[in-house]
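Take a look at the letters that make up each chain.
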Amino acid sequence: MMRIFLISAVSALLALGQSAQAQTPGAEFTRLPTGTEYRIFRKNASGQYQPRALAPADAPYASRAGMILTVYMEFRTGRDSVLMNSRRMQPTPQPVALPTEPVRGSLEEALGLLLPGDSAVFRFPADTVFAKTFRQPVPSFIRQSGNSLVVLASARQLLSVAEMTAYQEKLKAQYSEQAQRAAIAQTMKDVTLIQAYLKKNKLVAKKTVGGTYYVVTRLGKGLPPKKGQTVRVLYKGTVMTTGKEFDSSAKHGNEPIAFPLGVGQVIAGWDQGIAMLPKGSKAILLIPSLLGYGTRGAGADIPANAVLRFDVELVDFK
């Protein structure tokens, strides 16, 4: 089934939309001249959702043009199948720019009816909204589900461009701080696993400044390679905690892999570990997950946050 990347809505929005409809069984959709149908709701003094009628000043973009509305949204087919829910993809509401002259029949035109605190159900003719907003043909499964697109929306903030920029910078800083805390916690976990592994296997390791552990099992001669020099390495890679092999030179004709050292063409753990070895050395590299494939993992064989072991031999460099 074709998946549509739009924006999507908070899981609570579904309950909110159902709640609003349940409290107003006689409510009917109002239709814009462009064919878009809508129901707008707002909490009353007792906290119950009630229909909100539009005043003449609430015409789309009459006073809100040029501003940015943040909205949670959920997209459904005409038969009520959920296509996408924005909060499941991103915990913050989606910013929607409100242009001076919205395209008639577009999603932006409909969202221009909303004020912060409003919730709404919009029903669009699929042909119109896909042409006006998404600029692509209507997917066949939507045609087969009533040829309409239903959007549940919950409006949160109405911001100027400057306010939106400041808000996004604040969120960026918060996400960065959260990522740093998560990275520290994961590194501590990885180091604990590596130290236990070294003890269990009676290995004595050194540690690079960047955090890669290495055990030299055969020391070569001369000086280690410098940044930018091309190194040639034989290797076998395994997931440290399970011993499962995921790649090796043996799987590629036993030909050494060649790459320029220290320029990011391989994972950071390799750049750090190989830089410690003279030509002809053999070593075990134990690489914390953040110096390997991190939270994303790699393919089916390297899970997220995996500590890696590489048995390597620096064949030569130049």
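Residues numbered from 1 in each chain as written. Predicted model: local features only at pLDDT ≥ 70, side-chain atom pairs only at ≥ 80, totals over all residues. Heavy atoms only, no water.

(A) Up close: the pattern of salt bridges. Going through the model one piece at a time under the given rule, you end up with 13 salt bridges. For Arg 143, the salt bridge goes to Asp 127, with nearest N and O atoms at 3.0 Å. Linking Arg 143 in helix H5 (residues 140-143) with Asp 127 in helix H4 (residues 126-134), this pair joins segments that are 16 residues apart in sequence. Assessed through its relative accessible area of 39%, Asp 127 is described here as partly exposed. With its nearest N and O atoms 3.2 Å apart, the salt bridge here joins Glu 313 to Arg 218. One end of the pair, Glu 313, is in strand E15 (residues 308-317); the other, Arg 218, is in strand E10 (residues 213-218), with 95 residues separating them in the sequence. The class of Arg 218 is partly exposed, set by a relative accessible area of 38%. Each of Arg 31, Glu 37 and Arg 123 takes part in salt bridges that share partners, so that together they form one network. (Salt bridge = Lys/Arg side-chain N within 4 Å of Asp/Glu carboxyl O. Helix = DSSP H or I, 4+ residues; strand = E, 2+ residues; numbered from the N terminus. Buried < 20%, exposed > 50% of the residue type's maximum accessible area, 1.4 Å probe, protein only.)

(B) Inspection of the pairing of strand E14 (residues 282-287) at higher detail. Burial analysis of E14 places five of its six residues in the buried class, which makes it a mostly covered element. The pairing of E10 with E14 spans five bridges and is antiparallel. Considered in E14, the bridge of Arg 218 is made with Lys 282. Judged from the six bridges that link them, E14 and E15 form a sheet pairing that is antiparallel. Paired with Ile 284 across the strands is Asp 311, a residue of E15. (Pairing = 2+ DSSP bridges.)

(C) The arrangement of the side chain of Gln 272 in detail. Locating Gln 272 in the fold gives a position in helix H7 (residues 268-274). With relative accessibility at 19%, the residue Gln 272 sits in the buried group. At 3.4 Å, the side chain of Gln 272 and the backbone nitrogen of Gly 211 are in polar contact. If sequence neighbours within four positions are ignored, Gln 272 has contacts with Thr 208, Gly 210, Gly 211, Thr 212 and Leu 291. (Polar contact = N/O pair within 3.5 Å; in protein donor to acceptor, adjacent residues only side chain to side chain. Contact = heavy atoms within 4.5 Å.)

(D) Helix H6 (residues 161-200), seen in detail. The end-to-end C-alpha distance of H6 is 58 Å, a good match for the 58 Å that 40 residues give at a rise of 1.5 Å each. Those residues of H6 that sit buried are Met 164, Leu 171, Gln 186, Asp 190, Val 191, Ile 194, Tyr 197 and Leu 198. Buried residues along H6 sit in contact with strand E4 (68-77), strand E6 (94-97), strand E8 (148-159), E10, E14 and E15. (Expected span 1.5 Å × (residues − 1).)

(E) Molecular detail of the packing of aromatic side chains. This model, assessed by the stated rule, comprises six aromatic pairs. Ring plane angle 50 degrees and centroid distance 5.7 Å describe the contact between Phe 259 and Trp 270, whose orientation is recorded as tilted. In this pair, Phe 259 is assigned in strand E13 (residues 257-260) and Trp 270 in helix H7, connecting sequence segments 11 residues apart. Here Phe 259 falls in the buried class, since its relative accessible area comes to 3%. Judged by its relative accessible area of 5%, Trp 270 is buried. Put simply, the rings of Tyr 235, Phe 246, Phe 259, Trp 270 and Phe 310 pair up and form one aromatic cluster. Against the face of Phe 29 rests Arg 39, its NZ or CZ located 4.1 Å from the ring centre. Across the ring face of Phe 29, the terminal group of Arg 123 is positioned such that the distance to the ring centre comes to 4.1 Å. (Phe/Tyr/Trp six-rings, centres within 6.5 Å; stacked < 30°, edge-to-face > 60°. Lys NZ or Arg CZ within 6 Å of the ring centre and 35° of its normal.)

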